[in-house]
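Coordinate inspection notes
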Amino acid sequence: MAKRKTLTRRALLIGSAAVAGGVVFGVWRYKTPYANPLLQTLEEGEVALTPYLRLDASGITIITPRAEMGQGIHTTLAALVAEELDVDLKDVAVEHGPASAAYFNAALVEDSLPYAMTDDSGSAERARRFSRIPAKFLGMQITGGSASIPDGYTKMRVAGAAARDVLLQAASERSGVAVDALKTISGNVVLPDGNKLAYTELAEAAAKFEPPSEPKLKAKSSWRLLGKSQPRVDVVVKSTGKAEYAMDLRLPGMRFATVKRNPHLGSEMIGFDASEALAMPGVEATVALNDGVIIVANNTWRAFKAADAVKFEWSEPTYPESSQTMLEQTAAAIDDDLEDSRMRDDGEVDAALLEVDVVSGEYRVPLLAHATMEPMNATAWLRANRLDVWAGNQNPTQARQDAAAIADIDEANVHIHTTYMGGGFGRRAEMDFIQHAVHAAVAIPGTPVNVVWSREEDMTHDQYRPAAVARFRGAIDSRGISALDIKVSAPSVMESQLGRLGLPVLGSDMTIVQGAWDQPYNFANYRVTGYRPEVMIPITSWRSVGNSQNGFFQESMIDELANSVGLDPLEVRLAHIDHVPSRRVIEAVAEMSEWGSVRPEGHGLGLAFVLSFGVPVAQVIEVAVDDGRVRLLNAWIAADVGIALDPRNIEAQLQGGMNFGLSAAISGEITVTEGKVDQTNFHQSDGIRIHQSPNFAVRILENGDKIRGVGEPGLPPAAPALANAVFAATGKRIRELPMNKHLRFV
């Protein structure tokens, strides 16, 4: 047997921090707060009481550390500050924070340790507490992993409460009234006689006081904003077309550009001839890259047309020339015993599978593109010793680092402006599109350059979700599942991502088995093994990461086992789950969907449950099949987020996540032929349409012991719920995605 790697995915993060010298500074350094980044950019009359709050005479601005990409995070993060500050959301402005280690995401590291989310043992909790130290020293301002709310829940309430405290002290000093006799209401300090002092009047005086590090926070019972649905702070500007995305930016003298890169992903350019392109109207320059060319013109359309006129000589691909061959190599990693991890190994699986009827099978999923509605784009402007970059991005601190290296200037002189973005899903945590803008700005100093990828370039040069293969063997009788052995093979997302940053993977990649080993099932004999073939083409995190494929694998397998002996898939799941929040969501969705009731002929209900990012989610979908055509009718979702800060937004995220997952399940696929990606636009990589979307009902529970985020957990149960519904209606088991290879959806 190949030697199993002993380090897990996040060991590389802790290890990287140690290598960088972070941990050796000791706990005392960890407790020292980062400097407030807002102090460096304040204009006359402005005050920044904390890194999350800026005041001036005109009003209050709440600074959010995470990127708004449609998930509504700016509203909920702002509400955390506003609740403790005693202001109304309608009375504040909300801005994305600058690139700064002060806004590091600790929850992303903490929740990705090699412990199941349901593991509350002393060792697990100690590891989670310790992880905050390397997380701080890494200082990565990442939006992802449904970590924005878990990370910001206390931080941002503390910021609001601390600011309120110093405003009260300033009011006390001005009025001569003791702090205990003062109250705060709607952005004002109220004196005992009823007179009010506006926060904006007190800001300058309040800045003289040191904000407390541990201010008293409001009890949940006294919340005015949190726990209630709030109007989105971005709904008006987005509904009226006033919201500024990176593509909307216009600057004096701006030039517009696009890129053309080697269609063999990751391979270099040997040479090019741009003479015909440069002779076209409005085309001004070309900038050579290792793998292609940036074409600069006086508008984007002319840049697009010129890119088509450039003649290239490309180097050949270094990976298999077809996606089918890649998938076969992925499957072969299991046969060749390229074992990466064994995160679950309960009981005696091999012995339990002897001399019993064994159910077995193989499941497969394809490469997937992110296919964000807004194509990849960024603007860069290099002036003297200052570089400004405007981009919708999920990792501004990494963007700043990469931009500084390309422009050869100090990071302190790089200013990242994070805009709204038309979708992210993990794609905008990558830096390639930002790097292109900086390369263009360096080639044309003093001129702002907006680089926009064509949709074709975007679709054919994504970093994709990896294709994956899973095999299982299981045993079941009237008492339930006695043994389950799952083998999952997928190229390493972390190896590919970190390789682009010049960093190694220090151990196994937990994303390969994420959503399989860490589920709260208590099968007596239960083994999950991950296998790691080589990375063939660039891959990265895709919404819900490994949970997206492993949810489909495991929940289809459990359904297949239950049906093999005529047991109710709902009862089988409940028989093997003790975790109370998980049981409650399954019970809730069963009640909502009237599971067990008689359905019309040709109708089928499918159930799936996945606990991802700490959120147990159960989904049931109802389909109707008529003459081989499948129609999605109804969908029910139950999820437990621990504390529901904004129910309406949570409901929207769960619905959106399920529709995103259904789109991938029905038609999502990237294929490669002769070393090139086949799909070039949405006509070849379609999503679910409005008329295809089911009617939704959502129930939000609060039995969990920690607050959780919901940007990703709504997705993983979608594909298996649909596959299980199709089986219930037709008796046909779908083991390969996308499903439109086997069925017609209407």
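This section reports on the structure supplied with the text. (Residues numbered from 1 in each chain as written. Predicted model: local features only at pLDDT ≥ 70, side-chain atom pairs only at ≥ 80, totals over all residues. Heavy atoms only, no water.)

Let us now look at the overall build of the protein. On a plain count of helices and strands, the protein comes out with 21 helices and 28 strands. For the protein, whose C-alpha radius of gyration is 27 Å, the value lies close to the compact-globule estimate of 27 Å for 746 residues. Seen through its principal axes, the protein has C-alpha atoms that stretch 85 × 70 × 55 Å. When each of the 746 residues of the protein is scored for burial, the buried share is 60%. (Helix = DSSP H or I, 4+ residues; strand = E, 2+ residues; numbered from the N terminus. Rg over C-alpha atoms; globule rule 2.2 N^0.38 Å. Buried < 20%, exposed > 50% of the residue type's maximum accessible area, 1.4 Å probe, protein only.)

Attention now moves to the sheet that holds strand β2 (residues 53-56). In sheet architecture, strand pairing relies on hydrogen bonds along the backbone and comes in two forms, parallel and antiparallel. Taken together, four strands build an open sheet; the order of strands is β1-β2-β3-β4 and the sheet is mixed. Because the sheet does not close on itself, it has two edges, and the strands there are β1 (47-50) and β4 (92-96). Here the average twist between neighbouring strands, direction ignored, is 25 degrees. Of the pairings in the sheet, the one linking β2 to strand β3 (residues 59-64) comprises four bridges and is antiparallel in character. By the bridge assignment for β3, Asp56 is matched with Gly59. (Pairing = 2+ DSSP bridges. Axes fitted to C-alpha atoms, helices over the stretch in contact; angles between N-to-C directions.)

Bringing the pattern of salt bridges into the picture now. This model, assessed by the stated rule, comprises 54 salt bridges. In this structure, Asp686 engages Arg689 in a salt bridge whose closest nitrogen and oxygen atoms are separated by 3.2 Å. Ionic pairing is found between Lys741 and Glu736, a salt bridge with its closest N-O pair at 3.8 Å. Each of Glu328, Asp335, Glu362, Arg364 and Arg471 takes part in salt bridges that share partners, so that together they form one network. (Salt bridge = Lys/Arg side-chain N within 4 Å of Asp/Glu carboxyl O.)

Below, the discussion takes up the sheet that holds strand β8 (residues 255-261). Reading across the sheet, the seven strands line up as β10-β11-β8-β18-β15-β16-β17 and stay open at both edges, with mixed pairing between neighbours. Both edges of this open sheet fall to β10 (283-288) and β17 (414-418), since each of them pairs with a single strand only. Each strand axis lies, on average, 20 degrees off the axis of its neighbour in the sheet, ignoring direction. The pairing of β8 with strand β11 (residues 292-297) spans six bridges and is classified as antiparallel. In the sheet register, Thr258 faces β11, and the bridge partner there is Ile295.

A few words now on the side chain of Arg128. In this fold, Arg128 is placed in helix α5 (residues 122-138). Given the relative accessible area of 4%, Arg128 is considered buried. If near-sequence neighbours (up to four positions away) are discounted, Arg128 is found in contact with Glu110, Leu113, Tyr115, Ala116, Met117, Asp119, Asp120 and Lys706. (Contact = heavy atoms within 4.5 Å.)

All right, on to the packing of helix α3 (residues 73-85) against helix α6 (residues 148-175) then. At a minimum axis distance of 7 Å, the contact between α3 and α6 shows a crossing angle of 35 degrees. In this structure, the crossing between α3 and α6 has a hand that is right-handed. Contacts from Ile73, Thr76, Leu77, Leu80, Val81, Glu84 and Leu85 in α3 reach Ser148, Ile149, Gly152, Tyr153, Met156, Arg157, Gly160, Ala161, Ala163, Arg164 and Leu167 in α6. (Left-handed = near helix turned anticlockwise from the far one by under 90°.)

Of the consecutive residues Leu737 and Pro738, the connecting peptide bond is found in the cis state with omega at 0 degrees. Inspection of the secondary structure assignment puts Pro738 in the loop between α21 (718-730) and β28 (744-745). With phi around 60 degrees, Glu355 is a residue other than glycine that occupies positive phi space. Along the chain, the position of Glu355 falls in the loop between α12 (349-352) and β14 (359-365). We note that Phe425 has phi near 60 degrees; this positive angle belongs to a residue other than glycine. Mapping Phe425 onto the fold places it in the loop between β17 and α14 (432-443). On the accessibility criterion, Phe425 (25% relative accessible area) is partly exposed.

Glancing now at the side chain of Asp56. Note that Asp56 resides in strand β2. Buried charge without a partner: Asp56 forms no salt bridge, and the closest opposite charge is Arg54, 5.5 Å away. In this structure the side chain of Asp56 is engaged in a polar contact, spanning 2.6 Å, whose partner is the side chain of Ser58. A polar side-chain atom of Asp56 sits 3.1 Å from the main-chain amide nitrogen of Gly59. Apart from residues no more than four positions distant in its own chain, Asp56 is found in contact with Gly45, Glu46 and Thr200. (Lys, Arg positive; Asp, Glu negative; His and termini not counted. Polar contact = N/O pair within 3.5 Å; in protein donor to acceptor, adjacent residues only side chain to side chain.)

Applying the stated criterion across every chain yields a total of 13 aromatic pairs. Aromatic side chains Tyr521 and Phe609 sit 6.3 Å apart centroid to centroid with 85 degrees between the ring planes, which places their arrangement in the edge-to-face category. Placement of Tyr521 in the loop between α16 (493-500) and β21 (525-531) and of Phe609 in strand β22 (residues 603-612) is noted, with a sequence separation of 88 residues between them. Each member of the pair, Tyr521 as well as Phe609, carries the same accessibility label: buried. (Phe/Tyr/Trp six-rings, centres within 6.5 Å; stacked < 30°, edge-to-face > 60°.)

Along the chain, Val625 falls in strand β23 (residues 615-626). In this structure, the C-alpha to C-alpha distance between Val625 and Val158, residues 467 residues apart in sequence, is 53 Å. Setting aside residues no more than four positions away along its own chain, Val625 makes contact with Gly602, Val630, Ala729 and Thr730.

Listed as buried for helix α10 (residues 300-309) are Ala303, Ala306, Ala307 and Ala309. Down the axis of α10, the sector holding all buried residues measures 155 degrees, keeping them to one side. In α10, the exposed residues that point more than 90 degrees away from the buried face are Trp301 and Asp308. Next to the buried residues of α10 lie β8, β9 (269-273), α9 (275-278), β10, β11 and β12 (311-314). (Arc of directions from axis to C-beta.)

It is the contact of helix α20 (residues 647-667) with α21, at a shortest axis distance of 8 Å, that shows an interaxial angle of 60 degrees. What the angle tells us is that α20 and α21 run oblique. In this structure, α20 meets α21 at a crossing whose hand is right-handed. Residues Met658, Gly661, Leu662, Ala665 and Ile666 of α20 form the contact with α21, whose own contacting residues are Ala718, Ala719 and Leu722. (Parallel < 35°, antiparallel > 145°, perpendicular 65-115°, else oblique.)

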